[in-house]
Amino acid sequence: MKTFTSRRARAIVVAIAAGSLALTGCSENTGSSSNKDSKKDQEEASTQSKAVVYEDAAASTGPAEEVPGAKPGGTITAYQESGLSHLDPGQIYVSDAGQAANLLFRGLTNFKEDGKGGTSVVGDLATDSGTSSDDGKTWTFTLKDGIKDQNGKAITSADVRHTVERTYAEFIFDGPTYLQTWLSGAEYRKELPDGGYGDKHLPDSVLETPDDKTIVFHFDVARPDLPQTLAMPGYSIVPESTDTKEKYDKAPVATGPYKISEYKIGKSLKLVKNDQWDPATDAVRHQYLDGFDMQFGVTESTQTKRLIADQGDAKNAIQFTGSVESTQIQDVVGDAAVNKRTIKGYQPYVQVLNFNLDRVKNKAVRDAITYAVNSKSLIAGEGGAYGGDVAPNLFAPTLPGYEAAYDPYGRLKTPQGNIAKAEELLKDVPAAEKKLVFAYSNSEQGQKRKVAIEDALTKIGFDVVSKEVDAASYYEQIGKLDNTYDIYISGWGQDWPSPGTVVTPVYDGDQVADGSPNYSHIDDPKVQELITKALTQEPTEAAKTWTEAHHYILEKINPAAPLWYTKQLQLYGSNIGGARYSTESSYIDVTRLFLKS
């Protein structure tokens, strides 16, 4: 999944079948902090790759377990530097919107955390995590009783069908594509060009809804990861009767504990209680608060200053997806009273410098840049040891199969950059290939990253032209196939515990499309062959194939230079209760918060 400044961030864990191995993928939103001891941090990160359990109906029944000391009432202020990328569930694949989705939307399944690093999949709108048959090629889900949207309309299997089919529409371009491709192949849009809004629908042989409560998915191969896939925010339910297509992004209909009362894009988002949400049907979420007041445009430095001071409304405030600003980290961790108001954890994201392979075609150039980039300087801008660790490869420490010593470009030995090696690789490269357009986010973090990248590449003779990109639409812009940039930073974390949720979405040639996280546009036959092979293997054998694919991608193609692994350090006000780190979201767990007074 993307981080926001990187693009999709989330975390989970699995080991249930064919290729299930790791955390929630996506792009990161931002990155900061944890402990100073990086080796200890990585050991703790590995606990996030414990096997995910698929739960039964009893574990999927609400209400969620009470949070000790919880009280009802009040509104939490959530600080956020950039506006949300999307609010249409089908478009959500970035961590900021995913955090909001935890409050607004529900899907067939959801992740449930025990607060000790353990994660399970429970039925959310469904009665359980699903029942498989036909050797894992068929999955059946039954909807719970009493499920309604914010307007009081009952959610039926027709709404689930509509939610799936609308992801085939052209205007849905920025969300996950697992389910669509599993059901209809890489060219799934051709199977349902209008997204099910007309007379044509997916055949019952693919998606079956025999009655109002039952949904049956039919695949051509076993899909053991389906319960985790359906727990992604990108597959949250969109009620058919209220779908406004492209306009839905601005005014979605809630099924979760909160609904939107006011949305000023890029400025603010106010959430209030959804009185149609029934806690008896929800095994994960709470509704202790009257609402959330999200304020956009608040820089991380301002967020940190306000929360350190802990005065007035800041006592009731949290960092939504932002982190403690790097220059103020010592002010936080060095003060015991402030430090106890933090949540810390290793995120699943690997920050990389993507090469647009349509423009940067010379591998010698890509390799030289990979040797030259200064991870030490970049991490300093994230908060040093609290913000991240040097990444020697494309797999995160949270991912099953992670190889800590796999370092083909010597990133661990020369984290500040190997200038001599880079210059050697560039000695026969013509001057015309030494001009690069670098896209960066216009956030505080983006500015720091710009300086570090320009400095490193200028040292080895590159003429770097930096182009500022709006932070809220950053991933959308670099995700365009015809973008005019040569290099750009992104972050990706596994969508669930499997290397397949890193290799497939980011390096699969079938995923080269507008809005796809294949930001380098890599399309290599050998990679395709290895992906196809791994997806049909049992976990142990699949792990070997994913490792082979990882090595081939990084050494033989080098579509992205690994930079750093991200950590999270967030601060909250003294009146906030129930705060804990969520390994699923990689942020503060917003589903259990309350105000102490």
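The written sequence of each chain sets the order in which its residues are numbered from 1. At least 70 in pLDDT is required for a residue's local features to be given in this predicted model, at least 80 for side-chain atom pairs to be given and counted, and no such filter applies to totals for whole chains, interfaces and linings, which use all residues. Processing note: side-chain calculations cover all non-hydrogen atoms of the structure and skip hydrogens and water entirely.

K.L.:
Which parts of the structure should I look at to understand the overall build of the protein chain?
P.N.:
Each helix is a run of H or I in the DSSP string that is no shorter than four residues. Each strand is a run of E no shorter than two, and both are numbered from the N terminus. From N to C terminus, the protein chain includes 16 helices and 22 strands. Relative to the compact-globule value of 25 Å for 597 residues, the protein chain shows a C-alpha radius of gyration of 23 Å, a close match. Once the C-alpha set of the protein chain is aligned to its principal axes, its extents read approximately 70 × 55 × 40 Å. When checking whether two residues touch, look at their non-hydrogen atoms; a contact exists if any pair is within 4.5 Å. A separation threshold of at least 6 residues defines the contact pool for the protein chain, and within that pool the share at least 24 residues apart is 76%. Accessible surface, the protein chain as shown: approximately 20,500 Å² in total, 48% of it carbon and sulfur. Asp and Glu count as negative and Lys and Arg as positive, but His and the ends of the chain are not part of the count. Just so you know, the charge point we use is NZ for Lys, CZ for Arg, CG for Asp and CD for Glu. Separation between the mean location of the 63 positive side-chain charges and that of the 82 negative ones in the protein chain comes to 5 Å. Both definitions apply: the radius of gyration is a C-alpha atom measure, and the globule rule equals 2.2 Å times residues to the power 0.38. Surface accessibility follows the Shrake-Rupley procedure with a 1.4 Å probe radius. Residue values consider only the protein chains on display as shielding.

K.L.:
Explain the sheet that holds strand β8 (residues 138-142) here, please?
P.N.:
By definition, the strands of a sheet pair up through backbone hydrogen bonds, in either a parallel or an antiparallel sense. Pairing between strands is defined by DSSP: at least two bridges between them are needed. Ordered by their spatial adjacency, four strands build an open sheet running β7-β8-β10-β9, and the pairing between neighbours is antiparallel. Looking at the sheet topology across the chains shown, the edges are occupied by β7 (131-133) and β9 (207-211). Looking at each pair of strands side by side, their axes are set apart by 20° on average, direction ignored. Here five bridges tie β8 to strand β10 (residues 214-218), and the two strands are oriented antiparallel to one another. Looking at β10, one finds that Trp139 is bridged to Phe217. Only the contacting stretch of a helix is used when fitting its axis, a line to C-alpha atoms as for every element, and angles between N-to-C directions run 0 to 180 degrees. Seen against the sheet, helix α3 (residues 157-166) touches β9 and β10 and runs at an angle of roughly 165° to β9.

K.L.:
Even after reading the chapter, I still don't get the pattern of salt bridges, so can you show me in this structure?
P.N.:
It is possible for side chains of opposite charge to pair when their charged atoms get near one another. The salt bridge definition used is simple: a Lys or Arg side-chain nitrogen within 4 Å of an Asp or Glu carboxyl oxygen. Scanning the model with the defined rule gives 24 salt bridges in all. A salt bridge links Arg166 to Asp88; the nearest nitrogen and oxygen atoms lie 2.8 Å apart. Linking Arg166 in helix α3 with Asp88 in the loop between β4 (75-80) and α2 (95-104), this pair joins segments that are 78 residues apart in sequence. As far as the burial class goes, Arg166 and Asp88 line up, both buried. Because the salt bridges share partners, they merge into one network encompassing Arg106, Asp124, Asp282 and Arg285. The buried label applies to any residue whose accessible area, calculated with a 1.4 Å probe on protein chains only, is under 20% of its type's maximum; exposed applies above 50%, and partly exposed to all values in between.

K.L.:
Where do I start with the side chain of Asp524 in this structure?
P.N.:
On the secondary structure map, Asp524 appears in the loop between α14 (500-507) and α15 (525-534). Within the buried core, Asp524 has no salt-bridge partner, and the shortest N-O distance to an opposite charge, that of Lys526, equals 8.1 Å. Aside from chain neighbours lying at most four places away, what touches Asp524 is Tyr552 and Ile557.

K.L.:
Is there a simple way to think about the packing of helix α10 (residues 375-382) against helix α12 (residues 444-459) in this case?
P.N.:
Helix-helix packing is described using two parameters, namely the angle between the two axes and the distance between the axes. Orientation of α10 relative to α12, taken along the N-to-C sense of each, is 160°, at an axis distance of 9 Å. It follows that α10 is roughly antiparallel to α12 by the angle criterion. Handedness of the α10/α12 crossing: right-handed. Touching Ser377, Leu378, Gly381 and Glu382 of α10 are Gln445, Lys448, Arg449, Ala452 and Ile453, all from α12. For the contact of α10 with α12, a count of residues per class yields three nonpolar, three polar and three charged. Oblique is the label for every angle not falling under 35 degrees (roughly parallel), over 145 degrees (roughly antiparallel), or within 65 to 115 degrees (roughly perpendicular). Note: crossing handedness is left-handed where the near helix turns anticlockwise from the far helix by less than a right angle, and right-handed where it turns clockwise. Each residue is assigned to one of three groups, with Ala, Val, Leu, Ile, Met, Phe, Trp, Tyr, Cys and Pro labelled nonpolar, Asp, Glu, Lys and Arg labelled charged, and all others, Gly among them, labelled polar.

K.L.:
Before we go on, may I ask you to explain the nonpolar core in this structure?
P.N.:
Judged by nonpolar contacts, the single largest core of 104 residues is most densely connected at Phe217 and Leu353. With six residues, helix α16 (residues 539-557) is the single largest residue contributor to this core. With sequence-adjacent residues up to four places away left out, Leu353 is seen in contact with Ile369, Val373, Phe438, Ile453, Ile487, Tyr488, Ile489, Pro559, Ala560, Ala561 and Leu563. By convention a nonpolar core is built from buried Ala, Val, Leu, Ile, Met, Phe, Trp, Tyr and Cys residues, the set being connected through side-chain atoms within 4.5 Å. In terms of nonpolar packing, the next biggest core, distinct from the first, is built from 30 residues, Leu87, Ile92, Met294 and Ile318 among them.

K.L.:
I keep staring at the environment of Ser129 and nothing clicks. Help me out?
P.N.:
Summarising the element assignment, Ser129 is placed in the loop between β6 (119-123) and β7. Residue classification places Ser129 among the buried residues on the basis of a relative accessible area of 3%. In this structure, the C-alpha to C-alpha distance between Ser129 and Lys340, residues 211 residues apart in sequence, is 36 Å. For Ser129, the contacting residues outside a window of four places in its chain are Tyr54, Glu55, Ser60, Thr109, Val121, Val122, Gly123, Trp139, Phe141 and Pro227. By the criterion applied in these results, polar contacts are pairs of N or O atoms within 3.5 Å in which, for protein atoms, one can donate a hydrogen and the other can accept it, and in which residues neighboring in sequence qualify only through two side-chain atoms. Within the local environment of Ser129, its side chain forms a polar contact with the backbone oxygen of Glu55, the two atoms lying 2.7 Å apart.

K.L.:
Can you help me understand α16 in this one?
P.N.:
Because the α-helix completes a turn every 3.6 residues, residues three or four places apart line up on one side. Taking 1.5 Å per residue as the helical rise, α16 with its 19 residues ought to reach 27 Å, and the 26 Å between its terminal C-alpha atoms agrees with that figure. Those residues of α16 lying buried are Ala542, Thr545, Trp546, Ala549, His550, Ile553, Leu554 and Ile557. Along the long axis of α16, the arc covered by the buried residues comes to 160°, so they all point the same way. Facing away from the buried side of α16 by over 90 degrees, the exposed positions are Thr540, Lys544 and Lys556. In this structure, the buried side of α16 is in contact with α9 (363-372), α14, α15 and β20 (560-571). Phi turns positive one or two residues past the end of α16, at Asn558, with a value near 55°. Each residue after the first adds 1.5 Å to the expected span of a helix. Taking the helix axis as origin, the arc is that swept by the directions to the C-beta atoms.

K.L.:
Mind showing me how you'd approach the packing of α15 against α16 here?
P.N.:
It is the contact of α15 with α16, at a shortest axis distance of 9 Å, that shows an interaxial angle of 165°. Looking at the two axes, α15 sits roughly antiparallel to α16. The crossing of α15 and α16 is left-handed. Contacts between α15 and α16 pair Lys526, Val527, Leu530, Ile531, Lys533 and Ala534 from the former with Ala542, Thr545, Trp546, Glu548, Ala549, Tyr552, Ile553 and Ile557 from the latter.

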